[in-house]
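Below are the chains, spelled out letter by letter.
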Amino acid sequence: MPTSPPAPHDAALRVLFVEDDDNDALLLARHLQQQGYQLESCCVSTLEALRTALLTATWDVVIADYRLPGFSARETLQLVQTLQEELPVIVVSGSIDETTACAMMRAGAQDYLHKDRLDRLAPVIERERREARIPAADPDCPPPALAASSPLSIVGVREGDQL
């Protein structure tokens, strides 16, 4: 299995795992550490524990199993969207089909990975980090949501061009 390039060795990453199998959570954490992340993580297996973790700490990403006792990644995604709308959710599971994975992404999950394809996990996390920084990168450029709701038109003009 090909491996992805390692993250910078000083890349701190705060991960909230939503997983009922301690071995799977450990596998994911070890994989991220092998990719160079300095991991700070918590693993929850109930919706109430997820709610508490979201309200009491800051996270970079939620990595959720699809099926847990009593709930699924759909409920995880709904709760994250309610409490921390911008927090990326990545579904990692060995048991869902492509149709379900696509439905999760349409509902707002950033990606779906099969547990046998963890080589994509670090690149997906890095993509989400880059995309999260884009609105803050240029202080003169409003975030997309603000630009879309603004009654003003935003026009880029090069020096020397005329309107």
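Note: the structure precedes this text.
About the criteria used
- Residues numbered from 1 in each chain as written.
- Predicted model: local features only at pLDDT ≥ 70, side-chain atom pairs only at ≥ 80, totals over all residues.
- Heavy atoms only, no water.
- Helix = DSSP H or I, 4+ residues; strand = E, 2+ residues; numbered from the N terminus.
- Buried < 20%, exposed > 50% of the residue type's maximum accessible area, 1.4 Å probe, protein only.
- Areas by Shrake-Rupley, 256 points an atom, 1.4 Å probe, with all protein chains shown as cover.
- Core = buried A, V, L, I, M, F, W, Y, C linked by side-chain atoms within 4.5 Å.
- Contact = heavy atoms within 4.5 Å.
- Arc of directions from axis to C-beta.
- Pairing = 2+ DSSP bridges.
- Right-handed = clockwise from strand over helix to strand, strands pointing away.
- Axes fitted to C-alpha atoms, helices over the stretch in contact; angles between N-to-C directions.

S.K.: What is the right way to read the overall build of the protein from this model?
M.R.: Helix and strand counts for the protein stand at 6 helices and 7 strands. Counted from the first residue to the last, the protein has its helices and strands arranged as β-α-β-α-β-β-β-α-β-α-β-α-α. Buried residues in the protein amount to 37% of all 163 residues. For the protein, the accessible area works out to roughly 10000 Å², and carbon and sulfur atoms hold 51% of it.

S.K.: How do you make sense of the nonpolar core when you look at a structure like this?
M.R.: Most often, soluble globular proteins have nonpolar side chains that are buried together. Residues Leu16, Val18, Leu50, Leu54, Val62, Val91 and Met104 are the most contacted members of the largest nonpolar core, which totals 24 residues. Of all the secondary structure elements, the ones that give two or more residues to this core are β1 (11–18), α2 (47–56), β3 (61–64), α3 (73–83), β6 (89–93) and α4 (98–107). Per element, the largest residue contribution to this core is 4 residues, and it comes from α3. If near-sequence neighbours (up to four positions away) are discounted, valine 62 is found in contact with Leu16, Val18, Thr76, Val80, Leu87, Pro88, Val89 and Ile90. One finds Leu13, Leu28, Val61 and Ile63 within the second-largest nonpolar core, a separate group that totals 18 residues.

S.K.: Would you take a moment to explain the environment of cysteine 43 for this structure?
M.R.: Mapping cysteine 43 onto the fold places it in strand β2 (residues 37–44). A residue is classified by how much of its surface remains accessible, and cysteine 43, at 35% relative accessible area, is partly exposed. Separated by 19 residues in the primary sequence, cysteine 43 and valine 62 place their C-alpha atoms 9.9 Å from one another.

S.K.: Help me understand α3, please; the structure alone is not making it clear to me.
M.R.: Because each turn of an α-helix spans 3.6 residues, side chains separated by three or four positions end up pointing in the same direction. Restricting attention to buried positions, one finds in α3 the residues Ala73, Thr76, Leu77, Leu79 and Val80. Buried residues along α3 cover an arc of 165° about the axis, so they all sit on one side. Turned more than 90 degrees off the buried face of α3, the exposed positions are Gln78 and Thr82. Elements that come into contact with the buried residues of α3 comprise β1, α2, β3, β5 (71–72), β6 and α4.

S.K.: Quick question: what am I supposed to make of the pairing of β6 here?
M.R.: For a regular strand, side chains alternate in direction, first toward one face of the sheet and then toward the other. With respect to burial, β6 is a largely interior element, 5 of its 5 residues being buried. Burial along β6 is two-sided: the face carrying Val89, Val91 and Ser93 and the face carrying Ile90 and Val92 are both buried. Note: β3 against β6, 3 bridges, orientation parallel. Within β6, the position partnered with valine 62 by the bridge is valine 89. Since β6 and strand β7 (residues 111–114) lie parallel, the crossover through α4 that links them has a hand, and here it is right-handed.

S.K.: Quick question: what am I supposed to make of the sheet that holds β3 here?
M.R.: For sheets, the rule is that strands pair by backbone hydrogen bonds, running either parallel or antiparallel. Here we have 5 strands laid out as an open sheet, ordered β2-β1-β3-β6-β7, and parallel in their pairing. Pairing within the sheet leaves two strands with one partner each, and these edge strands are β2 and β7. Within this sheet the neighbouring strands show an average axis-to-axis angle of 25°, counted without direction. The pairing of β6 with β7 spans 4 bridges and is parallel. Along β7, the bridge assignment pairs serine 93 with histidine 114.

S.K.: Is there a simple way to explain the pairing of β2 in this structure?
M.R.: The sheet contact formed by β1 and β2 spans 8 bridges and is parallel. Residue valine 15 lies in a different strand from β2, and its bridge partner there is serine 41.

These figures come from the coordinates and say nothing about function on their own.
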